[in-house]
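A structural walkthrough
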Amino acid sequence: MILASGIFLVTLIFVIWQPKGLQIGTTAVIGAIIALIAGVVSFSDVQIVTSIVWDATLAFIGIIILSLVLDEIGFFEWAALKMARFSNGNGLKMFVYSILLGAFVSALFANDGAALILTPILLAKMRILKLNLKTIIAFLLAGGFISDSASLPFVFSNLTNIVTANYFNIGFAQYFFDMFIPYIVSVIASIFFLWLILRKDIPKSVDISLLKEPKSAIKNMKLFYFSWLFLAVLLVGYFIGDIYGLPVSLFALGGGIIFLIIASIAKTVNPKTIIKDAPWQVVWFSIGLYIVVYGLKNAGLTDYLTIVLKDLSLRGDAIAVISTGFIAAFLSAIMNNMPTIMIMDIALEDIGNQAMIYANIVGCNLGPKMTPFGSLATLLWLHVLAKKGVNISFAQYSKFGMIITPPVLLIVLLTLI
């Protein structure tokens, strides 16, 4: 256990630290190689891990490719400008609408997509609106939180969703209908608590006349209108694919590539640039870190968790669901939600409690918001902001995350009972 834990902790530290530009995927792969050499995992374990994460990883790449193409044609900038116009200059309305926009993007384009693409657009618009730094940070913190708290409704909305749905053979439609209410409740609860915590930094009015017209953001109007139809057809495709047991990545990656080809034919995007900008490091990160985490499983960590979770499952649905959610949340906050979801899934495998499985997903999606290193989406979000000149400290982020996450998490978990 000590060797496996040591390899995991060192790998995680380097993933968060990223010294001298060392990328997260490279670090995770190095950690996996060390785990193999040390005998913590075997080559057969690598095959098992790959079988668990391949669908989630390819689906993520597809969603990001689709998001990058839509971003290139002005889809997200148009949405951000529309959101601002709908507010009619009312600061509170703009705050709420920006959260709703983040919830929409997170649901359809995954939490990482929201962090990578929507954040710089919103930041640019807020600077044009000449908002002060406290207000900008308030809007950014709200956007960063909703990117994860709203990543519940679809299997593809979060990597943790895909991994768990595949692990327990939960169909696309079943997952959606089971998690739709928790998603709605999560968005509403998030809006309320974000307002409660950040209300002093929300301006009463905003001069929206400083912003350009939404239509001016669109580079190809025909392709823009077509994109709405394409997204609708793609969403229907997921449900149809579920009937035939087809993997999520078939539609996510296939849809992303098809739309990239269409946009390239329309001469709206440069396919080489899109492919180059896709976060390929996430592929190596997912496989590498999961291999390292599998070493913890081999060392017996999941056995201890199984004992605890089995005991909780005998104490009634309320205690089982809430406890599972908070265990997953705190583990995610401490050691990142990607390894947590895998460890918890393995521990829950023989318990057979569906509500606890969903509680694990909710905990792994919301819990990471308590620390800056809790999720890949947050790390990407902070990296994007730092590049744009906005630095949010560890203490500042953690204080905010520790205040808002527990109440929202508790409310969402109650919907699963």
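Below or above, wherever it landed, is the structure these notes cover. Every chain is numbered on its own, with residues counted from 1 as its sequence reads. Whole-chain, interface and lining totals are the exception, using all residues; otherwise, since this is a predicted model, local features are given only for residues with pLDDT of at least 70 and side-chain atom pairs are given and counted only at 80 or more. Based on all heavy atoms of the structure, the side-chain values leave hydrogens and waters out of the count.

1. So, the overall build of the chain
Each helix and strand in the chain was counted, giving 18 helices and zero strands. Taken along the three principal axes of its C-alpha coordinates, the chain extends 60 × 50 × 45 Å. The 417 residues of the chain split such that 59% are buried. Within the chain, contacts between residues separated by at least 24 positions form 82% of all contacts whose residues are at least 6 apart in sequence. Summed over its atoms, the accessible surface of the chain is roughly 17100 Å², and 68% of this surface lies on carbon and sulfur atoms. Averaging the positions of the 25 positive and the 19 negative side-chain charges in the chain gives two centres separated by 16 Å. Runs of H or I in DSSP of at least four residues are treated as helices and runs of E of at least two as strands, each being numbered from the N terminus. Classification of residues uses two cut-offs on accessible area relative to the type maximum, computed with a 1.4 Å probe and protein chains only: under 20% is buried, over 50% is exposed, and between them is partly exposed. Every residue pair with non-hydrogen atoms within 4.5 Å of one another is taken to be in contact. With residues, only the protein chains shown are counted as cover, and all accessible areas are computed by Shrake-Rupley using a 1.4 Å probe. Here the positive residues are Lys and Arg and the negative ones are Asp and Glu; neither His nor the chain ends is included. For charged residues, the charge sits on one atom: NZ in Lys, CZ in Arg, CG in Asp, CD in Glu.

2. Comments concerning the packing of helix 16 (residues 354-366) against helix 18 (residues 394-414)
As a rule, the C-alpha atoms of each element are fitted with a line to give its axis, helices using only the stretch in contact, and angles between N-to-C directions run from 0 to 180 degrees. Where helix 16 meets helix 18, the axes come as close as 10 Å, and the angle between the chain directions of the two elements is 160°. Considering the angle they form, helix 16 stands roughly antiparallel to helix 18. Viewed along their axes, helix 16 and helix 18 form a crossing whose handedness is right-handed. Note on element contacts: helix 18 touches helix 16 through T405, V408, L409, V412 and L413, opposite A359, V362, G363 and L366. Split into classes, the residues belonging to the contact of helix 16 with helix 18 amount to seven nonpolar, two polar and no charged. The scheme is simple: roughly parallel for angles under 35 degrees, roughly antiparallel for over 145, roughly perpendicular for 65 to 115, oblique for anything else. Note on convention: near helix rotated counterclockwise from far helix by under a right angle means a left-handed crossing. Clockwise means right-handed. Three classes are used, and their members are as follows: Ala, Val, Leu, Ile, Met, Phe, Trp, Tyr, Cys and Pro are nonpolar, Asp, Glu, Lys and Arg are charged, and the others, Gly among them, are polar.

3. Looking at the pattern of salt bridges
Whenever Lys or Arg places a side-chain nitrogen within 4 Å of a carboxyl oxygen from Asp or Glu, that contact is recorded as a salt bridge. Following the criterion strictly, the structure yields six salt bridges and no others. R85 serves as the salt-bridge partner of E213, at 3.7 Å between the closest nitrogen and oxygen. Taken as a pair, E213 in the loop between helix 8 (172-198) and helix 9 (221-243) and R85 in helix 4 (residues 75-86) lie far apart in primary sequence, 128 residues in all. A salt bridge links K369 to D148, with the nearest nitrogen and oxygen atoms 2.9 Å apart. Of this pair, K369 sits in the loop between helix 16 and helix 17 (376-387) while D148 sits in helix 6 (residues 133-149), and the two are 221 residues apart along the sequence. D148 carries the same exposure label as K369, and that label is buried. Several salt bridges share partner residues, and in doing so they unite E77, K125 and K212 into one network.

4. Re the packing of helix 8 against helix 18
At a closest axis distance of 9 Å, the pairing of helix 8 and helix 18 adopts a crossing angle of 145°. Handedness of the helix 8/helix 18 crossing: right-handed. The segment helix 8 lies against helix 18, with P182, V185, S186, A189, S190, F193, L194, I197 and L198 engaging F400, I403, I404, P407, V408, I411 and V412. Its residues assigned to classes, the contact of helix 8 with helix 18 shows 14 nonpolar, two polar and no charged.

5. As for a nonpolar patch on the surface
Exposure above 30% relative accessible area and the lack of any salt bridge qualify a residue for a patch; like charges then connect within 9 Å, and the nonpolar side chains Val, Leu, Ile, Met, Phe, Trp and Tyr within 5 Å. A contiguous nonpolar patch, built from V29, I33, I37, I275, W280 and W284 and spanning about 590 Å² of accessible area, is present on the exposed surface. In terms of residue count, helix 2 (residues 24-37) provides more of the nonpolar patch than any other element does, three residues in total. Structurally, V29 is set in helix 2.

6. Some words on the nonpolar core
L70, F109, L194, V362 and W381 are the most contacted members of the largest nonpolar core, which totals 161 residues. With 17 residues, helix 5 (residues 91-128) is the single largest residue contributor to this core. Residues within four places of V362 in sequence aside, it is in contact with L152, M179, G367, L409, V412, L413 and L416. Residues belong to a common nonpolar core when they are buried Ala, Val, Leu, Ile, Met, Phe, Trp, Tyr or Cys residues joined through side-chain atoms within 4.5 Å.

7. Quick look at the packing of aromatic side chains
Two rings from Phe, Tyr or Trp (for Trp, the six-membered ring) form a pair when their centres sit within 6.5 Å of each other. Planes less than 30 degrees apart are called stacked, planes more than 60 degrees apart edge-to-face, and all others tilted. Throughout the structure, instances matching the rule amount to 31 aromatic pairs. Pairing F176 with F239 gives two aromatic rings, centres 5.8 Å apart and planes at 90°, and the pair type is edge-to-face. Here F176 is found in helix 8, whereas its partner F239 is found in helix 9, with 63 residues between them in sequence. On the basis of relative accessible area, F176 is assigned to the buried category, the value being 16%. Using a relative accessible area of 24% as the deciding quantity, one classes F239 as partly exposed. Ring centres of F326 and F330 lie 6.1 Å apart, and the angle between their planes is 35°; this geometry places the pair in the tilted category. Of this pair, F326 and F330 both sit in helix 14 (residues 317-335), separated by four residues, roughly a single helical turn. On the basis of relative accessible area, F330 is assigned to the partly exposed category, the value being 39%. The ring of W195 has R199 lying over it, and the distance from NZ or CZ to the ring centre is 5.9 Å. Our definition puts a charge over a ring when NZ of Lys or CZ of Arg is within 6 Å of the ring centre and also within 35 degrees of the ring normal.

8. Some points on helix 12 (residues 281-298)
Relative to the 26 Å expected for 18 residues at 1.5 Å per residue, helix 12 spans 26 Å between its end C-alpha atoms, a close match to the ideal helical length. Summarising burial for helix 12: 14 of the 18 residues are buried, a large majority. Phi turns positive one or two residues past the end of helix 12, at G300, with a value near 105°. Between the first and last residue of a helix there are one fewer steps than residues, each counted as 1.5 Å, and that sum is the expected span.

9. Some points on the side chain of N365
With respect to the element layout, N365 can be found in helix 16. Of note is the side chain of N365, whose polar atom sits 3.0 Å from the backbone oxygen of S151. Whenever two N or O atoms come within 3.5 Å, that pair is a polar contact, provided that in protein one can donate a hydrogen and the other can accept it, and provided that, for residues adjacent in sequence, both atoms are side-chain atoms.

10. Structural notes on unusual backbone geometry
At N88, a position not held by glycine, the phi torsion is positive, near 55°. Residue position: N88 is located in the loop between helix 4 and helix 5. Taking relative accessible area as the criterion, N88 reaches 64% and is therefore assigned exposed. Its identity is not glycine, yet A110 carries a phi of approximately 75°, on the positive side. In this fold, A110 is placed in helix 5.

Any functional reading would require information beyond the geometric quantities listed.
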